[in-house]
Amino acid sequence: MAGRTPQTYSSMQIVLHWIVAFMVLFQIVVHENMVSAWRAHVRGQEIAASDQFLTSIHVWGGVAIGVFAAWRLWLRFSKGVPATPESESPLFRLAASATHILLYVLMIGMPLTGIAAWFFGYRDMAELHEIARIPLIALVVVHVAGALAQKYWFKSDVMDRMIKMR
């Protein structure tokens, strides 16, 4: 099955895409709670009661994002993905490919650095995890802008393929 070009994404690919999208957005929103929890964690202090719940969700949600992103990659290679529109310029194809590759690197790499920091105490990994947050946010913005441009500027079905399950 690898190498085949389907007309649309599978239902599982679509569901995983949206689960991961909402989880990543949640992680971005609760970032500040995690920063204060990290500081307490590093100092060996009790994490504030107000931060404990969100900290647990952030940690285990990050692990889930990594697992779901790896699952999405497996589905991508085993089931294939729809081709980009023939009318799309080579520059946009390159930008879309680069954005997807970097998003996958971050969706798998950030949970790994987070695990290394939180569970194993590698502070350098915590720094890397924190630094990677900015390119992740930028890539999410680029990804959403590209999808909206495909839908409303270029009038393609690219965005519809990730919304409509068949």
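Everything that follows concerns the structure shown earlier in this document.
Just so we're clear, the structure is a prediction, and the values are computed from it rather than from any experiment.

Notes on the layout of surface pockets
So, step 1. A volume near 1,300 Å³ is recorded for the largest pocket.
So, step 2. Along its surface, the largest pocket is lined by 45 residues, and Thr99, His100, His143, Ala147 and Val158 are the ones closest to its centre.
So, step 3. Contributions of two or more residues to the lining of the largest pocket are made by helix 1 (11-29), helix 3 (49-79), helix 4 (90-120) and helix 5 (123-152).
So, step 4. Ranked by the residues each element gives to the lining of the largest pocket, the list is headed by helix 4, at 11 residues.
So, step 5. Looking at side-chain class alone, the lining of the largest pocket contains 32 nonpolar, 8 polar and 5 charged residues.
So, step 6. In this structure, the second largest pocket spans a volume of roughly 650 Å³.
So, step 7. Lining the second largest pocket are 29 residues; nearest its centre among them are Met34, His58, Gly114, His129 and Glu130.
So, step 8. Those elements giving two or more residues to the lining of the second largest pocket turn out to be helix 1, helix 2 (31-43), helix 3, helix 4 and helix 5.
So, step 9. When residues in the lining of the second largest pocket are grouped by element, the largest group, 9 residues, is from helix 4.
So, step 10. When its residues are assigned to classes, the lining of the second largest pocket shows 18 nonpolar, 6 polar and 5 charged.

Reading the values: rules and limits
Residues numbered from 1 in each chain as written. Predicted model: local features only at pLDDT ≥ 70, side-chain atom pairs only at ≥ 80, totals over all residues. Heavy atoms only, no water. 1 Å grid on protein atoms, 1.4 Å probe; cavity = no way out; pocket = protein on both sides within 12 Å on 5 of 7 lines; lining within 4 Å. Points joined across faces, edges and corners; volume = space filled by probe spheres on them. Helix = DSSP H or I, 4+ residues; strand = E, 2+ residues; numbered from the N terminus. Nonpolar A, V, L, I, M, F, W, Y, C, P; charged D, E, K, R; others polar.

Interpretation note: all reported values are geometric properties and have no functional meaning in isolation.
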